[in-house]
Amino acid sequence: MQFHHHGYVSGDPRVLPAAGVGIDRPEELPDEVDVLIVGSGPAGMIAAAQLAMFPDVTTRIVDRRPGRLEIGQADGIQARSVETFQAFGFAERIVAEAYWQTEMVFWKPDPADPSRIVRSKRTPDDPAGVSEFPHLLVNQARVLDYFAEFAGNAPTRLQPDYGYEFDGLEVADTGDHPVTVTLVHTAGAREGQRRTVRAKYVMGADGARSRVRAAIGCHMAGDQANHAWGVMDVLAVTDFPDIRTKCSIQSEAGSILLIPREGGYLFRMYVDLGEVAPDDHHHVRQTTIEQIIARANEILHPYTLDVKNVAWHSVYEVGHRLTDRFDDVPTDAAGSRTPRVFIAGDACHTHSAKAGQGMNVSIQDGWNIGWKLGHVLEGRAPESLLATYSAERQVVAQNLIDFDKQWSTMMAKKPEEFASPSELEEFYAQTFEFPAGFMTQYTPSIIVAEASHQDLATGFPIGKRFKSAPVVRVCDANPLHLGHQATADGRWRIYVFADAARAGEASAVANFAEWLASSSDSPIAATPTDADRDAWFDVKVIYRQDHVNVDINAVPDAFKPRTGPFELIDLEKVYAIDPEQDIFEARGIDRAGAVVVVRPDQYVAHVLPLTATDELAAFFRPLLSSKAPVTA
């Protein structure tokens, strides 16, 4: 964390100075905004948190609830989401309060007495060691609290506007604020009254029954529900020995997915209620909590479950549905106009809860559109950038639906229906990276290059998330994870992996630094003249020597930008290898060096040779708006 560069800070450095629209921010929802977000769930809150970092963008987020969410339905936090929380500054705190999932335990009928269940196998949660972050279980409401805190501490001082329900919208062909949204007050003295808000863009993150989705004519398609589950968050006394470990429990009476929760006592059970008849007409949803508990006891035999307190419960039917698009541009008109309305999260994709994907995929939906809206509205990028949101996230959602169909079908099978006794455990281990969030790979577009130079950095696949690795910061000898130094500030990252030359010697990396700092073709040249040199692009260099052998004074100035009103030198962008875990070896970096370009949402956009300055310039040229102020 860096601060003091604008003067001494005596308070909490996480509270950034108010700037732009955050200065004297009006309490009342204004009549005109740049972005109106409908729904303060995970997708909406991360988008709001990201947009709060753009001082000149007026963003408001409305929700029909009268206040913050208190009990959330989602609770599984995959490692990819924890990486994301690191960028938003609260990974360490949420990790401390959450339940850590380190193992998955499988229970099956006892071959000697099938009426009883026995433990059959333990599987490590991350068998491949794919992330340095753990898999967590914590109430969704806490995730929203942390995003709200980040947004409130950001320059625009963004806070949710509770008590507004979305009632409709119209999109005009012209005007600075072409989207007119009708809202209804749901609480307080004005309950029932209508009002309108005009916006440049609208994001609908208003859940599976999304009214925003309906307003723009998107259609959900897919499989109808055919299997029901009861879910309950409870406090109970039990002799089941693995009550504090995630378990897949299969018995002759049905199945349970057991999810321990934060705090040491609370746990969640997804209890198999069986097949749903086509003519059931949702009657299964009337299943009482007492019936769910009774079924759980049948499945757990010979163990017992004495429920003392129910924090929350529900009954749902598993269905897999996906919207035909993620914005208001009809499929047959894609590319013909700028999208103005976007949908995200459950408004786009619905599936079972048992793979722990809903909140996690929704978070990436919201971050994806959040930084893109920020760049367009601040004049950093052209409006064409916005079309990449639907193109990228629809593919991810389809992959999620396909995976969840497999997983939920296997969870609902009877023990005798499996091809082999270990089929479920093997599927869990083999597919771990997908639910963990690490299989997403965006295809080539204006923000993802072709993989023509992938051999220069094989451990940073283009289109996939930037996988961090240990390094040592030269200025203070601190061992750090390189990826953890990238915050959710809306900047592109340019990681320069040096050749074998030392700092100060004639080399390809020295030539690249000179071009980056002085050429009019350099993307850095697009930075506004009244902003810090690294305001739009965060450039870091990683030398192949250890930190003792890197002369900080010999490092090119391109890697030591001046910042703030005092033009202080930022020394924290210069890194060396960690001799114990050489990042060049761990990530397959070519000995001649490489440039790795990473998007604001942590996905690798390009890999190039140090000498490919023309190619780097060509990649960024269409991403830098002609409306943006440019230096010579």
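Nothing here was measured: the structure is a model prediction, and the numbers come from that model. (Residues numbered from 1 in each chain as written. Predicted model: local features only at pLDDT ≥ 70, side-chain atom pairs only at ≥ 80, totals over all residues. Heavy atoms only, no water.)

> Account for helix H1 (residues 42–51), with residues named and values stated.
In terms of burial, H1 is a largely internal element, ten of the ten residues being buried. Along H1, the residues that are buried comprise Pro42, Ala43, Gly44, Met45, Ile46, Ala47, Ala48, Ala49, Gln50 and Leu51. (Buried < 20%, exposed > 50% of the residue type's maximum accessible area, 1.4 Å probe, protein only. Helix = DSSP H or I, 4+ residues; strand = E, 2+ residues; numbered from the N terminus.)

> Summarise the environment of threonine 102; cite the residues concerned and give the values.
Residue placement: threonine 102 occurs in the loop between strand S4 (99–101) and strand S5 (103–110). Threonine 102 sits in the exposed class, given a relative accessible area of 56%. For the pair threonine 102 and lysine 246, spaced 144 residues apart in sequence, the C-alpha separation works out to 8.6 Å. When sequence neighbours within four positions are dropped, the list of residues in contact with threonine 102 reads Thr123, Pro124 and Asp125. (Contact = heavy atoms within 4.5 Å.)

> Outline helix H7 (residues 358–377), listing residues and values.
The end-to-end C-alpha distance of H7, which contains 20 residues, comes to 29 Å, matching closely the 28 Å that a straight helix rising 1.5 Å per residue would cover. Positive phi appears at glycine 379, one or two residues downstream of H7, with a value of about 85°. (Expected span 1.5 Å × (residues − 1).)

> Describe in detail the sheet that holds strand S25 (residues 574–577), supporting the description with residues and values.
The pairing of strands in a sheet comes from backbone hydrogen bonds and takes either a parallel or an antiparallel form. Spatially, seven strands are ordered S20-S19-S25-S22-S21-S26-S27 in an open sheet, and the strand pairing comes out mixed. Both edges of this open sheet fall to strand S20 (479–481) and strand S27 (604–608), since each of them pairs with a single strand only. Here the average twist between neighbouring strands, direction ignored, is 30°. As judged from the three bridges shared by strand S19 (residues 470–473) and S25, these two strands associate in the antiparallel manner. Bridge pairing in S25 links valine 471 to isoleucine 577. (Pairing = 2+ DSSP bridges. Axes fitted to C-alpha atoms, helices over the stretch in contact; angles between N-to-C directions.)

> I'd love a proper account of the nonpolar core, names of residues and values included.
Among the nonpolar cores identified, the biggest contains 116 residues, and Phe88, Phe147, Trp492 and Phe559 are the most heavily contacted of them. The contacts of phenylalanine 88, once residues within four sequence positions are left out, are Ile46, Ala49, Gln50, Phe147, Phe150, Trp367 and Ala488. Ranked by size, the runner-up nonpolar core spans 28 residues in total, among them Tyr442, Ile589, Ala594 and Tyr603. (Core = buried A, V, L, I, M, F, W, Y, C linked by side-chain atoms within 4.5 Å.)

> Requested: an account of the side chain of aspartate 365, with residues and values cited.
With respect to the element layout, aspartate 365 can be found in helix H7. At 2.6 Å, the side chain of aspartate 365 and the side chain of arginine 393 are in polar contact. (Polar contact = N/O pair within 3.5 Å; in protein donor to acceptor, adjacent residues only side chain to side chain.)

> Summarise the pattern of salt bridges; cite the residues concerned and give the values.
For the structure on display, the rule yields 45 salt bridges. Among the salt bridges present, the one from aspartate 63 reaches arginine 65, with a minimum N-O distance of 3.8 Å. For arginine 65, a relative accessible area of 24% puts it in the partly exposed group. One salt bridge in this structure joins arginine 491 and aspartate 538, with 3.9 Å as the shortest N-O distance. Residue arginine 491 is found in the loop between S20 and strand S21 (492–497), and its partner aspartate 538 is found in strand S22 (residues 537–543); the two are separated by 47 residues along the sequence. A relative accessible area of 14% places arginine 491 in the buried class. Since its relative accessible area comes to 1%, aspartate 538 is described here as buried. (Salt bridge = Lys/Arg side-chain N within 4 Å of Asp/Glu carboxyl O.)

> Account for unusual backbone geometry, with residues named and values stated.
Cis geometry is found at the peptide bond from histidine 301 to proline 302, where omega equals 20°. Relative to the helices and strands, proline 302 is located in the loop between helix H6 (289–300) and strand S16 (305–323). The phi dihedral of arginine 157 is positive, around 55°, even though this residue is not glycine. For arginine 157, a relative accessible area of 23% corresponds to the partly exposed category. One non-glycine residue, glutamine 602, adopts positive backbone phi at about 80°. Tracing the backbone through its elements, the reader meets glutamine 602 in the loop between strand S26 (594–598) and S27.

> I'd like to hear about the sheet that holds strand S3 (residues 76–77), residue by residue, with values.
One open sheet holds the three strands; their spatial order is S3-S7-S4, and the pairing between them is antiparallel. Of all strands in the sheet, those with a lone pairing partner are S3 and S4, marking the two edges.

> Describe the packing of aromatic side chains, naming the residues involved and giving the relevant values.
Scanning the model with the defined rule gives 25 aromatic pairs in all. The interplanar angle of 75° and the centroid separation of 5.9 Å between the aromatic rings of phenylalanine 85 and phenylalanine 147 together place this pair among those described as edge-to-face. One end of the pair, phenylalanine 85, is in helix H2 (residues 79–87); the other, phenylalanine 147, is in helix H4 (residues 140–153), with 62 residues separating them in the sequence. The same class applies to phenylalanine 85 and to phenylalanine 147, which are both buried. Here the aromatic rings of tryptophan 107 and phenylalanine 240 are separated by 4.8 Å at their centres, their planes lie at 50°, and the arrangement is tilted. Taken together, the residues tryptophan 107 in strand S5 and phenylalanine 240 in the loop between strand S12 (220–238) and strand S13 (246–251) connect sequence positions 133 residues apart. A relative accessible area of 2% means that phenylalanine 240 is categorised as buried. Ring pairing ties together the aromatic residues Phe85, Phe88, Phe90, Tyr146, Phe147, Phe150 and Trp367, which thus form one cluster. (Phe/Tyr/Trp six-rings, centres within 6.5 Å; stacked < 30°, edge-to-face > 60°.)

> Give me the lowdown on a nonpolar patch on the surface, citing residues and values where you can.
Judged by side-chain polarity, Met1, Phe3 and Val9 come together as a nonpolar surface patch covering roughly 280 Å² of accessible area. With respect to the element layout, methionine 1 can be found in the segment before strand S1 (32–38). (Patch = residues over 30% accessible without salt bridge, like charges linked within 9 Å, V, L, I, M, F, W, Y side chains within 5 Å. Areas by Shrake-Rupley, 256 points an atom, 1.4 Å probe, with all protein chains shown as cover.)

> So, the packing of H7 against helix H8 (residues 387–412): which residues are in play, and what are the values?
Where H7 contacts H8, the two axes come as close as 10 Å, and the packing angle between them is 170°. Classed by the angle they form, the pair H7 and H8 counts as roughly antiparallel. Within the contact between the two elements, H7 uses Val361, Gln364, Asp365, Asn368, Ile369 and Lys372 and H8 uses Thr388, Tyr389, Glu392, Arg393, Val396 and Leu400. Split into classes, the residues belonging to the contact of H7 with H8 amount to five nonpolar, three polar and four charged. (Parallel < 35°, antiparallel > 145°, perpendicular 65-115°, else oblique. Nonpolar A, V, L, I, M, F, W, Y, C, P; charged D, E, K, R; others polar.)

> Quick rundown of the pairing of strand S11 (residues 194–204)? Include the residues and the values.
Direction of pairing for S1 relative to S11: parallel, over a ladder of six bridges. In the sheet register, valine 33 faces S11, and the bridge partner there is alanine 199. Note that strand S10 (residues 179–185) and S11 share six bridges and pair antiparallel. Among the inter-strand pairings, valine 179 is bridged to a residue of S11, identified as alanine 199.

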